[in-house]
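# Observations on the model geometry
Each chain, written out:
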Amino acid sequence: MNKSRRPLIAGNWKMNAGGRDALGLATGVAKASAAYDAVDVVVGPPFTALAGAAHALESTGSAVTVAAQNMSAEASGAFTGEVSASMLKDSGVTWVILGHSERRALYAETDEIVTRKVAAAIAARLRPIACCGETLEEREAGRTMEVVERQVRAFLPELAKEPGFGVIAYEPVWAIGTGKVAKPEDAQAVHAMIRGLLWQSSETLAHATRILYGGSMKGDNAAGLLSQPDIDGGLVGGASLDAAGFAKIAAAAQELAR
Ligand code: PEP
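Going along each chain's sequence as written, the residues are numbered from 1 onward. For a predicted model such as this one, the threshold for reporting local features is a pLDDT of at least 70, and the threshold for listing and counting side-chain atom pairs is 80 or more; totals across whole chains, interfaces and linings nevertheless cover every residue. To get the side-chain values, all heavy atoms of the structure are used, and hydrogens and water are removed first.

### Some points on the environment of valine 118
Secondary structure elements follow DSSP: runs of H or I of four or more residues count as helices, runs of E of two or more count as strands, with numbering from the N terminus. Considering the arrangement of structural elements, one finds valine 118 in helix H5 (residues 111-123). Any two residues having at least one pair of non-hydrogen atoms within 4.5 Å are treated as being in contact. Once residues within four sequence positions are removed from consideration, valine 118 is found in contact with Leu98, Pro128, Ala130, Phe155, Glu158 and Leu159.

Structure (structure tokens):
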């Protein structure tokens, strides 16, 4: 972590806690992380719970903000079942996770689609958390840097339009939901490469962009990852479903940020 960037810890609840339990989890996170004022804490409920969670957090005066997990690249129209960036914004949502590996693998989201979504989010003043990361097969073939570079180069020109507004999440696919966390120095090497790509665009973009690590991050491994110079926070799946466990990651970030 570099103290010039404010750490960000974002939860991705995936297709969990979208009903009555969402408000309890969102307000539980708000309470458990209230003391960590040097950290941006974000919860990521499913669509059905976004407005309720955003409203509950706002009405309690919490600094915790809300992320959607996906959105349409289109602004409006005949796209049955889709949700636009402006609809999310109107529902009190601040962030949107885009290009998550599950979207890429299960719903055929290409670099081009992800880039269109990043552009649409920014146009609607919704802050993108743009994801990248290699599969196990790609890692074993020694292609990690090449794959991540390709993914980042696709959406980077959109992020460059407003340095610091968007965030990048590096999530090695083999570490997501597997309990296999990347070694801090291996993750740092990829984050440094991404920072280098941002530098090629502008110094401001490189300094302002937060690059999160995601993949089996938990309270007990967060400090090792977050202490790396180019790891500015975490995108957290499984461990974000428990308010106290999630807050431990925010606590680790707070400790390093001070
Ligand atoms: C994720 O889905 O973005 C993620 C990082 O999941 P987990 O923390 O469960 O590996």
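### Some remarks on the site of the ligand
We call a residue near a molecule or strand as soon as one heavy atom of that residue lies within 4 Å of the molecule or strand. Taken together, 14 residues lie near the ligand, and Lys14, Glu171, Gly177, Ser216 and Gly237 sit nearest. Within the side chain of histidine 100, an N or O atom sits 2.9 Å from an oxygen atom of the ligand. Any pair of N or O atoms that falls within 3.5 Å is considered a polar contact. Within protein, one atom must be able to donate a hydrogen and the other to accept it, and sequence-neighbouring residues count only if both atoms are side-chain atoms. Taking glycine 177, its main chain carries an N or O atom lying 2.6 Å from an oxygen atom of the ligand. Accessible surface is estimated by sampling points in the Shrake-Rupley manner with a 1.4 Å probe; for residues, cover comes only from the protein chains shown. Taken by itself the ligand offers 290 Å² of open surface, and the protein chains cover 96% of this. Polarity classes work like this: nonpolar for Ala, Val, Leu, Ile, Met, Phe, Trp, Tyr, Cys and Pro, charged for Asp, Glu, Lys and Arg, and polar for all others, with Gly in that last group. When its residues are assigned to classes, the shell around the ligand shows four nonpolar, eight polar and two charged.

### Here's the deal with the packing of helix H7 (residues 144-159) against helix H8 (residues 184-201)
The convention used is that axes are lines fitted to C-alpha atoms, helices contributing only their stretch in contact, and that angles between N-to-C directions extend from 0 to 180 degrees. It is at 10 Å that the axes of H7 and H8 come closest, and there the two elements cross at 35 degrees. Pair H7 / H8 crosses with right-handed handedness. Side by side, H7 and H8 meet where Thr144, Met145, Val148, Glu149, Val152, Arg153 and Leu156 of the first sit next to Ala189, Val190, Met193, Ile194, Leu197, Leu198, Gln200 and Ser201 of the second. Looking at the contact of H7 with H8, its residues break down into 10 nonpolar, three polar and two charged. With the far helix as reference, a near helix turned anticlockwise by less than a right angle produces a left-handed crossing, and one turned clockwise produces a right-handed crossing.

### Observations concerning the layout of surface pockets
Using only the protein atoms, space was sampled on a 1 Å grid; points where a 1.4 Å probe fits but cannot get out form cavities, open sets with protein on both sides within 12 Å along at least five of seven lines form pockets, and lining residues are those with an atom within 4 Å of a point. Grid points are joined across faces, edges and corners, and a volume is the space filled by probe spheres set on the points. Volume-wise, the largest pocket comes out at about 420 Å³. Contributing to the lining of the largest pocket are 15 residues, with Lys14, Met15, Gln69, Arg103 and Tyr107 lying nearest its centre. When residues of the lining of the largest pocket are traced back to their parent elements, those giving at least two are helix H2 (47-59) and helix H4 (101-106). For the lining of the largest pocket, the element with the most residues is H4, which contributes three residues.

### Quick look at the packing of aromatic side chains
Working definition: rings of Phe, Tyr and Trp (its six-membered ring) pair if their centres are within 6.5 Å, and the pair is stacked with planes under 30 degrees apart, edge-to-face with planes over 60 apart, and tilted otherwise. Summed over all chains, the structure comprises zero aromatic pairs. Charge-over-ring placement is defined geometrically: NZ (Lys) or CZ (Arg) within 6 Å of the ring centre, and within 35 degrees of the ring normal. Cation over ring: arginine 103 sits above tyrosine 107, and NZ or CZ is 4.2 Å from the ring centre. One residue, arginine 125, lies across the ring of phenylalanine 165, its end atom 4.2 Å from the ring centre.

### Quick notes on the packing of helix H1 (residues 21-33) against helix H11 (residues 243-257)
Packing of H1 against H11 leaves a shortest axis separation of 9 Å and a crossing angle of 40 degrees. Comparing their axes, H11 and H1 come out oblique. Where H1 crosses over H11, the two elements pack in a sense that is right-handed. For the pair formed by H1 and H11, the contact residues are Leu25, Gly28, Val29, Ala32 and Ser33 on the first element and Ala243, Phe246 and Ala247 on the second. Looking at the contact of H1 with H11, its residues break down into six nonpolar, two polar and no charged. Should an angle fall under 35 degrees it is taken as roughly parallel, and over 145 as roughly antiparallel, whereas 65 to 115 is taken as roughly perpendicular and any remaining angle as oblique.

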